[in-house]
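# Chains, contacts and geometry: an overview
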Amino acid sequence: MTNILRKNIWLFLSTDIFIIGLSLYLSYALRFDFNIPDYYLYDIGYVIIILLFSKISSFLFFKLYKGMWRFTSISDSINVLKATFIASLFSISVILLVLGPNTVPRTVLLIDYLLTTIGIAAVRASVRIYSTRFIVGNGKYKQKNKLTSKIKTRLLLPVSYTHLPLPTSDLV
């Protein structure tokens with residue numbers, strides 16, 4: 001289980017809660033052309049509680065808060081996809097069983113799944129890009145320990161071959 005006493009987990013958790021709430025609001029707004037009917041606003045509090053519980057529980061189960069976000073990889077992105085998919089299935093079933101079938105439009109739940117997946121993955125990728133670009137220093141060499149070590153480390157990035165000249169051909 002995730003170490004709840006770490007100070008960074010609260011920042012990550014609050015970011016995810018904000019993304020889940022924003023994605024639900026945007027899914028309603030996109031579904032109804034930014035003019036949400038009043039009878040859907042009555043149950044939105046219950047829906048947000050169900051979504052928060054199911055998605056945060058799923059994120060904890062798939063260990064999205066374990067490790068450092070600056071080392072996010074493809075396997076972490078796959079875990080985000082799995083966690084949001086399972087959480088959406090669970091929340092849809094709870095909403096249908098508890099609130100009824102006509103409480104939330106199905107398209108709102110589909111749009112919410114897509115926006116949540118994109119939002120969670122984008123935040124983790126942006127932390128990775130920020131730490132790679134600005135903290136490491138754009139892939140330049142960085143001294144590991146200035147006092148005792150002469151070893152230099154660097155970040156391995158894909159090599160760009162745009163500086164090489166293109167071959168010319170007279171076959172045209």
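Owing to the predicted nature of the structure, the values given are computational and were not obtained by experimental measurement. (Residues numbered from 1 in each chain as written. Predicted model: local features only at pLDDT ≥ 70, side-chain atom pairs only at ≥ 80, totals over all residues. Heavy atoms only, no water.)

## Considering the side chain of Ser 27
Threshold: The way it works is that DSSP assigns letters per residue, a run of H or I at least four long becomes a helix, a run of E at least two long becomes a strand, and they are numbered from the N terminus. Polar contact is the term for a pair of N or O atoms within 3.5 Å; when the atoms are in protein, one must be able to donate a hydrogen and the other to accept it, and sequence-neighboring residues count only if both atoms are side-chain atoms. Contacts are residue-level and defined by heavy atoms, with any inter-residue pair within 4.5 Å sufficient.
Mapped onto the fold, Ser 27 is located in helix H1 (residues 7-31). Separated by 2.6 Å, the side chain of Ser 27 and the backbone oxygen of Leu 24 make a polar contact. Excluding its chain neighbours within four sequence positions, the residues that come into contact with Ser 27 are Val 108, Ile 111, Asp 112 and Leu 115.

## Thoughts on the pattern of salt bridges
Defined as follows: Within this document, salt bridges are pairs made up of a side-chain nitrogen of Lys or Arg and a carboxyl oxygen of Asp or Glu, the two lying within 4 Å of each other. Each residue's exposure class comes from its accessible area (1.4 Å probe, protein chains only) as a fraction of the maximum for that residue type: buried when under 20%, exposed when over 50%, partly exposed otherwise.
Applying the stated criterion across every chain, the model contains 2 salt bridges. Among the salt bridges present, the one from Asp 112 reaches Lys 55, with a minimum N-O distance of 2.6 Å. On the criterion of sequence distance, the pair formed by Asp 112 in helix H5 (residues 106-135) and Lys 55 in helix H3 (residues 44-61) is long-range, its members being 57 residues apart. In this structure, Asp 112 and Lys 55 share a single accessibility class: buried.

## What to know about the packing of H3 against helix H4 (residues 74-99)
What counts is decided by this rule: For helices, the fitted axis covers only the stretch in contact; all axes are lines through C-alpha atoms, and the angles between them, taken along N-to-C directions, range from 0 to 180 degrees. Crossing handedness: left-handed means the near helix sits turned counterclockwise from the far one by under a right angle, and right-handed means the same turn made clockwise. Put simply, Ala, Val, Leu, Ile, Met, Phe, Trp, Tyr, Cys and Pro go in the nonpolar bin, Asp, Glu, Lys and Arg in the charged bin, and everything else, Gly too, in the polar bin.
Orientation of H3 relative to H4, taken along the N-to-C sense of each, is 145°, at an axis distance of 8 Å. Seen along the crossing, H3 lies across H4 with a hand that is right-handed. In this structure, H3 uses Tyr 46, Val 47, Ile 50, Leu 51, Phe 53, Ser 54, Lys 55, Ser 58 and Phe 59 to contact H4, whose residues at the interface are Ala 83, Thr 84, Ile 86, Ala 87, Ser 88, Phe 90, Ser 91, Val 94, Ile 95 and Leu 99. A per-class count over the contact of H3 with H4 returns 13 nonpolar, 5 polar and 1 charged.

## Things to note about the side chain of Ser 54
The residue Ser 54 is located in helix H3 in this model. From its side chain, Ser 54 meets the backbone oxygen of Leu 51 in a polar contact 3.2 Å long. Not counting chain neighbours up to four residues away, the residues in contact with Ser 54 comprise Ala 87, Phe 90 and Ser 91.

## Topic: H3
Operational definition: The length a helix should cover is 1.5 Å for every residue beyond the first.
Here H3 is 18 residues long and its end C-alpha atoms lie 25 Å apart, about the 26 Å a rise of 1.5 Å per residue gives. Among the residues of H3, those classed as buried are Val 47, Ile 50, Leu 51, Ser 54, Lys 55, Ile 56, Ser 58 and Phe 59. Looking one or two residues past H3, Lys 63 carries a phi angle of roughly 60°, positive in sign.

## Observations regarding unusual backbone geometry
The phi angle at Asp 33 is positive, at roughly 55°, despite the residue not being glycine. In this structure, Asp 33 sits in the loop between H1 and helix H2 (38-41). By relative accessible area, which is 66% here, Asp 33 ends up exposed. Its identity is not glycine, yet Phe 34 carries a phi of approximately 60°, on the positive side. Positionally, Phe 34 belongs in the loop between H1 and H2.

## Let's talk about the packing of aromatic side chains
Definition in use: Ring pairs are drawn from Phe, Tyr and Trp, using the six-membered ring of Trp, whenever the two centres fall within 6.5 Å, and their geometry is named by plane angle: stacked under 30 degrees, edge-to-face over 60, tilted for the rest.
Applying the stated rule across the entire model yields 6 aromatic pairs. Note on Phe 61 and Phe 62: the rings are 5.3 Å apart at their centroids and 90° apart in plane angle, and the pair reads as edge-to-face. The exposure class of Phe 61 is exposed, given its relative accessible area of 64%. Under the relative-accessibility criterion, Phe 62 is labelled buried at 17%. Chaining the aromatic ring pairs together yields one cluster made of Tyr 28, Phe 32, Tyr 39 and Tyr 40.

## Notes on the nonpolar core
To keep it simple, the criterion reads: Only buried Ala, Val, Leu, Ile, Met, Phe, Trp, Tyr and Cys residues count toward a nonpolar core, and they belong to the same one when joined by side-chain atoms within 4.5 Å.
Within the largest apolar cluster, 26 residues are counted, with the highest numbers of intra-cluster contacts made by Tyr 28, Val 47, Phe 59, Tyr 65 and Val 104. Mapped by element, the contributors of at least two residues to this core are H1, H3, H4 and H5. Looking at this core element by element, the count peaks at 7 residues for H1. Look past the residues within four positions of Val 47 in its chain and what remains in contact with it is Leu 24, Tyr 28, Ile 95, Leu 99 and Val 104.

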